[in-house]
Amino acid sequence: MSFNCGIVGLPNVGKSTLHNALTATQAAQAANFPFCTIEPNVGRVAVPDTRLDDIAKMAGSQKIIPAQLEFVDIAGLVKGASKGEGLGNQFLSNIRETDAIIHVLRCFENDDITHVEGSVDPIRDAETIETELMLADLESVDRQITNLQKKARGNDKDAKLMLDLAEKVKAVLENGQPARTVEVDEKDADERRAFKLLQLLTAKPILYVCNVNEDDAASGNAQTKRVEEMASAQGAQVVVICAAIEEEIAQLDTKEEKMEYLESMGLSEPGLDRIIKAGFKLLGLQTYFTAGPKETRAWTVRVGAKAPEAAGCIHSDFEKGFIKAEVIAFEDYLNGGEQGAKDAGKMRQEGKEYVVADGDVILFRFNV
């Protein structure tokens, strides 16, 4: 099961520097000119989770395997991208393939780094990209409505449902609002599926990342406050980082060196950790664990998933032949591990309808 976040933004806002830090490589070329990222660079990073160490210690595990999240560094966008300006068509195609958007906004002044608009204004930049995505969605929806109308006249039930949703989306987009503001019945699986099939760029969840100078890394600045107000009105999240600091931290060898560097900057944890955690939450994901002498491993599963689906993350045979799940809550596992939980009556036998909780330590029983 692979989930990814597309890192987007105008040219020269720090996208590639952030991606370099996320993947601790120089895979994404960072340079002071537009379109230095020509092909999307993909990197997989570990999701920070201190529970892994605690569980592994209790289980006496030889190895620890964290959950992972994929980040895609996408070419910078400019005005007119929806009409093919710059690398617009490629940008829109690449972002369509991602599950969520991490929108990097420049919130720092630096005369040595050019801005395509000639000045620093993160709200304007955010609106530029959102507008281009909405224009692309509007064009896509118009095409789909024409095709769906033909199918709906033939009494195609699915086409009628999608047509209704597409028309709602069109009205919202024409009113200057993104598709994510359209009300979809989360309890209606058919409606959720139909909305997803529309493949709308502005339906994707979004996280704003404010890139600041070193001096503002700990407390932000006036520009980041403006972004926070904008995000609050949208129900979106904001993370403030200094991408240059994060890239430096990523190149340090030991945890001690990294913590010492962070402390010297007045920071308590890497901004990257906050981005990764926020991206995980943005995608509606959570973690459950398997543990034993060989390894302790974190598995990624969507919030609300039932036990068989979680078992399928390990192997499809686990889901097909699911019998039961032996579940221990994280806090209970810490009090003596598997045996301690059994002795205390804290290991539960759960069936197919059990909804997995974040932090569960699970042993699946199956038969194929």
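It should be emphasised that the depicted structure is a prediction, and the values quoted were computed from it without experimental measurement. (Residues numbered from 1 in each chain as written. Predicted model: local features only at pLDDT ≥ 70, side-chain atom pairs only at ≥ 80, totals over all residues. Heavy atoms only, no water.)

Enquirer: So what exactly am I meant to see when it comes to unusual backbone geometry here?
Expert: Glycine aside, the phi torsion of most residues is negative, and most peptide linkages are trans. A positive phi is found at N155, a non-glycine position, where the angle reads about 60 degrees. With respect to the helices and strands, N155 occurs in the loop between α4 (122-153) and α5 (157-174). Judged by relative accessible area, which is 60%, N155 ranks as exposed. The backbone of Q199 shows a phi angle near 50 degrees, a positive value even though the residue is not glycine. Tracing the sequence through the fold places Q199 in the loop between α6 (189-197) and β6 (206-211). (Helix = DSSP H or I, 4+ residues; strand = E, 2+ residues; numbered from the N terminus. Buried < 20%, exposed > 50% of the residue type's maximum accessible area, 1.4 Å probe, protein only.)

Enquirer: For this particular structure, what's the right way to read the sheet that holds β6?
Expert: Adjacent strands of a sheet form backbone hydrogen bonds with each other and so pair up, either parallel or antiparallel. Read across the open sheet, the six strands follow the order β2-β4-β1-β5-β6-β7; overall the sheet is mixed. Two strands close off the open sheet at either side, each with one partner strand: β2 (41-46) and β7 (237-241). With direction set aside, neighbouring strand axes in the sheet form an average angle of 25 degrees. Here strand β5 (residues 100-106) runs beside β6; their pairing, made up of six bridges, is parallel. Looking at β6, one finds that I102 is bridged to L207. (Pairing = 2+ DSSP bridges. Axes fitted to C-alpha atoms, helices over the stretch in contact; angles between N-to-C directions.)

Enquirer: Just to check I follow, could you spell out a negative patch on the surface for this structure?
Expert: Taken together, the side chains of D253, E256, E257, E260 and E263 make up a negatively charged region of the molecular surface. As for its placement among the helices and strands, E256 is situated in helix α9 (residues 255-264). Residue E256 is classed as exposed on the basis of its relative accessible area, which comes to 58%. (Patch = residues over 30% accessible without salt bridge, like charges linked within 9 Å, V, L, I, M, F, W, Y side chains within 5 Å. Areas by Shrake-Rupley, 256 points an atom, 1.4 Å probe, with all protein chains shown as cover. Salt bridge = Lys/Arg side-chain N within 4 Å of Asp/Glu carboxyl O. Lys, Arg positive; Asp, Glu negative; His and termini not counted. Charge placed at Lys NZ, Arg CZ, Asp CG, Glu CD.)

Enquirer: Would you mind showing me how to read the side chain of Q223 here?
Expert: With respect to the helices and strands, Q223 occurs in helix α7 (residues 222-234). Of the residues examined, Q223 reaches a relative accessible area of 17% and is grouped as buried. In this view, Q223 contacts C107, V120 and P122; residues no more than four positions away in its chain are not counted. (Contact = heavy atoms within 4.5 Å.)

Enquirer: When you look at the packing of α4 against α7 in this model, what are you seeing that I'm missing?
Expert: What describes two packed helices is the angle between their axes and the distance between those same axes. At their nearest, the axes of α4 and α7 sit 9 Å apart, and the two run at 45 degrees to each other. In terms of orientation, α4 lies oblique with respect to α7. Facing α4, whose interface residues are P122, I123 and A126, α7 presents Q223, R226, V227 and M230. Here the contact of α4 with α7 is built from residues that sort into five nonpolar, one polar and one charged. (Parallel < 35°, antiparallel > 145°, perpendicular 65-115°, else oblique. Nonpolar A, V, L, I, M, F, W, Y, C, P; charged D, E, K, R; others polar.)

Enquirer: What's the story with the packing of helix α1 (residues 15-23) against helix α10 (residues 271-282) in this structure? I'm lost.
Expert: It is at 10 Å that the axes of α1 and α10 come closest, and there the two elements cross at 90 degrees. Between α1 and α10, the crossing angle belongs to the class labelled roughly perpendicular. Touching L18, A21 and L22 of α1 are L272, I275 and I276, all from α10.

Enquirer: Any chance you could explain the pattern of salt bridges here in plain terms?
Expert: Scanning the entire structure with this criterion turns up 15 salt bridges. Residue K170 pairs with D142 through a salt bridge whose shortest N-O separation is 3.0 Å. One end of the pair, K170, is in helix α5; the other, D142, is in helix α4, and 28 residues separate them in sequence. Among the salt bridges present, the one from E309 reaches R302, with a minimum N-O distance of 2.9 Å. What you see here is one network of salt bridges that share partners, running through D49, R51 and D358.

Enquirer: Teacher, can you tell me more about the confidence of the model for the protein here?
Expert: Low pLDDT means the predicted coordinates in that region are not meant to be read closely. In this model, the protein carries an average pLDDT of 86, and 90% of its residues clear a pLDDT of 70 or more. Mean pLDDT per element in the protein: helix α3 (residues 88-96) is the minimum at 71, and strand β10 (residues 322-328) is the maximum at 97. Note that residues 25-38 has pLDDT below 50 and, in this model, 40 contacts with residues that lie over four places away or in other chains. (pLDDT = per-residue confidence, 0-100.)

Enquirer: How should the packing of aromatic side chains be read in this particular structure?
Expert: Any aromatic ring pair is given by two values, namely how distant the centres are and how the planes are angled relative to each other. Applying the stated criterion to the full structure yields three aromatic pairs. The interplanar angle of 85 degrees and the centroid separation of 5.8 Å between the aromatic rings of Y288 and F364 together place this pair among those described as edge-to-face. Separated by 76 residues along the polypeptide, Y288 in strand β8 (residues 285-291) and F364 in strand β12 (residues 361-366) bring together distant segments of the chain. Given a relative accessible area of 0%, Y288 falls into the buried group. Among the aromatic residues, those joined into a cluster by ring pairs are Y288, F322 and F364. The lysine or arginine in question, R297, covers the ring of W299, its NZ or CZ lying 4.2 Å from the ring centre. (Phe/Tyr/Trp six-rings, centres within 6.5 Å; stacked < 30°, edge-to-face > 60°. Lys NZ or Arg CZ within 6 Å of the ring centre and 35° of its normal.)

Enquirer: Explain the environment of K294 to me, please; I cannot follow it from the model alone.
Expert: Position of K294 among the secondary structure elements: in the loop between β8 and β9 (295-302). Sequence separation of K294 and A56 is 238 residues, and the distance between their C-alpha atoms is 9.5 Å.

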